[in-house]
Amino acid sequence: MVDSTRRGKRFPDSMSKTIPIWTCVLNRSIANHLHKIGDLVEQKSVGWDCSLHLPLWVSDTEKAAIEDRLEGWTRELDESGADIASLALCLKKPLRPLWISQKTVIWLNEVPDHNSWDFTPIILVSASLSSGIAQHRTTSEFSWNYIPGAGDDEESWARGLSPNLFWKHAYDLINSGPDSCNQKVADIVEKDRVYRSQRGHNAPQITAKAPVSGSSTQFSDLEPLSLDISNLKLNTDSSDESAISWLGSTNLALGPSQLAANLSDVDCVLNCDQKSISISLPDGEAYLHLPIVNSKLDRFSLFNNLPSAVGFARLNLSKGRKLLVCCHNGEDISVCICLAILISFFDEGGSFDGGKSFSEMSITKAELRRRLIFICKFAINARPSRGNLKQVFSFLCSKKATPV
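In this text the structure is predicted, and so the values were computed from the model without any measurement. (Residues numbered from 1 in each chain as written. Predicted model: local features only at pLDDT ≥ 70, side-chain atom pairs only at ≥ 80, totals over all residues. Heavy atoms only, no water.)

Trainee: What is the right way to read a nonpolar patch on the surface from this model?
Mentor: Taken together, Ile 106, Leu 108 and Val 111 make up a surface patch of nonpolar side chains, about 300 Å² in accessible area. For Val 111, the position within the fold is in the loop between strand E1 (95–100) and strand E2 (120–125). (Patch = residues over 30% accessible without salt bridge, like charges linked within 9 Å, V, L, I, M, F, W, Y side chains within 5 Å. Areas by Shrake-Rupley, 256 points an atom, 1.4 Å probe, with all protein chains shown as cover. Salt bridge = Lys/Arg side-chain N within 4 Å of Asp/Glu carboxyl O. Helix = DSSP H or I, 4+ residues; strand = E, 2+ residues; numbered from the N terminus.)

Okay, structure coming up:
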């Protein structure tokens, strides 16, 4: 679900094109898999639809251009190593997108039972209005202007509420209503912060930014919750769902930094969080702290630190040591560093070769995708940002151009 579009569009391109393209490509890849194992007869009974479904406002010319590339995209997915077999096993009907906006009219008594549908719906919900004019609202706790695109960066409006926390308390939040929602969020976030703090996890209180000068917003009722949480950065890991992910048999693991100090089955730690951690290791040189920041704050932070990170990894992995790469949430920076390490020192089978395979390969985006898929098989919460992936690609290309 999104709450923002640009240039007055009711749905963003991700919903109008990207997701429909992916549903079609996945359907085709699943069909290819079922055909290979001879199990397509049963699926054909419900009509395994591999056609492209786009909304009506996408032109026929653009649709034709997309259809011309579907076969190539499907082939790339089939060759990427993605686990299509597991998806084919659990998906009984082909995927198809459906679009819902504020102007959608649905007669509930005319909606057929979902079991009678011959597809698995991917419901795309946009809360935006098609008007490109900023809308002034005064019906809630305070006045505000609706600006298309403002909902893209959740850290600016989520008030510290992570996806895990939201789904744990979804009904409580919805039932609290617009006037009490902010206070409810504050209570939930603070209880989670105390819970994590009592267990030794990194759970700092954050001081909110001062209100914008000249704003018409009334903050008198919000002061208790604007003291420490209204500008809290998104933390998608709740304490009971954080985990260390071992990447197959590579002796390489990744995860959030707050769990590193309690691990006993690692020999060395590469910490990419902003804060250093206290950890007991047999070797004083088995710990390296590289404070790397998100690409939104520094577009070259990861790139500049990758030589040290990769060098540290090679030194330890070549001795058969188990290496943990950790960052704040274990989803972005640590994933990207593991990606660089895997490509630099491991073959496609996941065996350490010290860089032999790297010296013989061509660095392409397709290669990065294949290795990233390998990581995602084990680290299911991986969410590497585009900016950090670009830095990994640039680093590998520069390393290839100037071999040691």
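The discussion continues.
Trainee: Where do I start with helix H6 (residues 170–198) in this structure?
Mentor: Working note: α-helix, 3.6 residues per turn, so residues spaced by three or four point in the same direction. Taking 1.5 Å as the rise per residue, H6 with 29 residues should run 42 Å; its terminal C-alpha atoms sit only 25 Å apart, a clear shortfall. The axis of H6 is deflected most strongly, by about 130°, at Gly 177, and proline Pro 178 appears within four residues downstream. (Expected span 1.5 Å × (residues − 1). Bend = angle between axes of the 7 residues up to and from the residue.)

Trainee: Can you walk me through the pairing of strand E9 (residues 323–327) in this structure?
Mentor: With respect to burial, E9 is a largely interior element, five of its five residues being buried. With burial as the criterion, each face of E9 is covered, one bearing Leu 323, Val 325 and Cys 327 and the other bearing Leu 324 and Cys 326. Relative to E9, strand E6 (residues 252–256) runs parallel, the two being bridged by five bridges. Counted as the bridge partner of Ala 253 is Leu 324 from E9. The sheet contact formed by strand E7 (residues 268–271) and E9 spans four bridges and is parallel. Paired with Leu 270 across the strands is Val 325, a residue of E9. (Buried < 20%, exposed > 50% of the residue type's maximum accessible area, 1.4 Å probe, protein only. Pairing = 2+ DSSP bridges.)

Trainee: Help me understand helix H9 (residues 333–345) in this model?
Mentor: An ideal rise of 1.5 Å per residue puts 18 Å on 13 residues; H9 measures up with 18 Å between its terminal C-alpha atoms. Within H9, 13 of the 13 residues are buried, leaving the element largely enclosed by the surrounding structure.

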